[in-house]
Amino acid sequence: MGWIEGLNASMEYIEKHLDDDIDVVEAARLATCSEGQFRRMFSYVAGVGLTEYIRRRRLSCAALALSRGERVIDVAIRCGYASSTAFTRAFREAFGVSPSDARRPGTTLCVFPQLTFSLAVVGSEPLSWRIVTHDEMRLIGIAFPCDAAMDAPLIQMADEGREELRHFWGSASQAGDIERLFSLADDGGPRRIFGVNSVRRGDLTYHIAVSSSEEAPAWTDEIRVSRGSWAVFECVGPCEVATAEHYHRIYAEWLPASGYELAHDVSLEVYPSGDFSSTGYRSEIWIPVVERNEV
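Details of helix 4 (residues 50–67)
So, point 1. The terminal C-alpha atoms of helix 4, which comprises 18 residues, lie 26 Å apart, in line with the 26 Å expected from a rise of 1.5 Å per residue.
So, point 2. For helix 4, the elements touching its buried residues are helix 1 (3–16), helix 2 (24–30), helix 3 (35–46), helix 5 (72–78), helix 6 (84–95) and helix 7 (99–102).
So, point 3. Gly-69 sits one or two residues past helix 4 and shows a positive phi near 100 degrees.

Topic: unusual backbone geometry
So, point 1. A positive phi angle, near 55 degrees, is found at Thr-32, a position not held by glycine.
So, point 2. Tracing the backbone through its elements, the reader meets Thr-32 in the loop between helix 2 and helix 3.

Considering empty space enclosed by the protein
So, point 1. In this structure the tally under the stated criterion is 1 cavity of 30 Å³ or more.
So, point 2. Its volume calculated, the largest cavity comes out at about 30 Å³.
So, point 3. Lining the largest cavity we find Gln-37, Arg-40, Tyr-251, Leu-262, His-264, Val-266, Ser-267, Ile-287 and Pro-288.
So, point 4. Elements that contribute at least two residues to the lining of the largest cavity include exactly helix 3 and strand 9 (282–291).
So, point 5. Taken together, the residues that form the lining of the largest cavity break down as 5 nonpolar, 3 polar and 1 charged.

Section: the environment of Val-270
So, point 1. With respect to the element layout, Val-270 can be found in strand 8 (residues 267–272).
So, point 2. Using a relative accessible area of 3% as the deciding quantity, one classes Val-270 as buried.
So, point 3. Along the sequence, Val-270 and Arg-282 sit 12 residues apart, while their C-alpha atoms lie 9.3 Å from each other.
So, point 4. Excluding anything up to four places from it in sequence, Val-270 contacts Arg-192, Ile-193, Phe-194, Ser-283, Glu-284 and Trp-286.

Some words on the pattern of salt bridges
So, point 1. A complete count under the given rule lists 19 salt bridges for this structure.
So, point 2. For Glu-234, the salt bridge identified is with Arg-282, shortest N-O distance 3.0 Å. Note that Glu-234 is positioned in strand 6 (residues 228–236) and Arg-282 in strand 9, a separation of 48 residues in sequence.
So, point 3. The partly exposed category is assigned to Glu-234, whose relative accessible area is 32%.
So, point 4. We note a salt bridge from Glu-253 to Arg-249, for which the minimum N-O separation is 3.1 Å. Of this pair, Glu-253 and Arg-249 are both found in helix 10 (residues 239–258), 4 residues apart, which corresponds to roughly one turn of the helix.
So, point 5. Here the residues in one salt-bridge network are Glu-136, Arg-138, Glu-222 and Arg-224, joined through shared partners.

Here is what the cut-offs are and how they apply
Residues numbered from 1 in each chain as written. Predicted model: local features only at pLDDT ≥ 70, side-chain atom pairs only at ≥ 80, totals over all residues. Heavy atoms only, no water. Helix = DSSP H or I, 4+ residues; strand = E, 2+ residues; numbered from the N terminus. Expected span 1.5 Å × (residues − 1). Contact = heavy atoms within 4.5 Å. 1 Å grid on protein atoms, 1.4 Å probe; cavity = no way out; pocket = protein on both sides within 12 Å on 5 of 7 lines; lining within 4 Å. Points joined across faces, edges and corners; volume = space filled by probe spheres on them. Nonpolar A, V, L, I, M, F, W, Y, C, P; charged D, E, K, R; others polar. Buried < 20%, exposed > 50% of the residue type's maximum accessible area, 1.4 Å probe, protein only. Salt bridge = Lys/Arg side-chain N within 4 Å of Asp/Glu carboxyl O.

This is the structure in structure tokens:
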């Protein structure tokens, strides 16, 4: 099964289980990736977190059921809400009207449609990439845990997620943590720092890290990155904008047509020393890949 077919199979699975407990691990398996990869990929390609997408689809189905005259309490329970009060609040936030209003003929409602994926002919700008093999990496860094249920802050396409990351980097710089990390970095190469997206015990985590053979201090985490192949993409421009744009293009344009699939749950952003806000700043995104076994 190809990448696009796998994504659409996962969307069909979610659609069929909107009234049940959705097993995100199973949805990810259909997309031939892990849960962490699936959540991250989905947010970049769809522009909305997976949890939010599922919530919107359930409320859309609820709106259709209410328009057919079903009782509010029955629809609320089917959508997984413990009370009609909580359901009414969520419904009003989504549609601007109450569930009771939705039952009245003539009420205007909108629908959040089911997503489907296709390989679009896009890419007016070239997307530079190369495949490299790298030995195991040992990184030391500081962590910013992300709430997996809210898919944040790894929705770097969204303003809120980017603001969270900007604040994390800014706070680390002001506290002196970045300079302390550089003091732990191995010599013998250019001065650079990593942004590390990973999944730890099922939770999404973002680290600011350096490559180091030093013992990890108590205020840091040790991150082991397996030996393997990486697709490396060069990003040119202010890093917070260029990185977000490239993540979207990697998952939406490059991966479906590349003949590769994701290998594990860690991706890297490589930031050399320089002016992060410069239009000429050059950074890299490293995505772990293996050749896709088409069946």
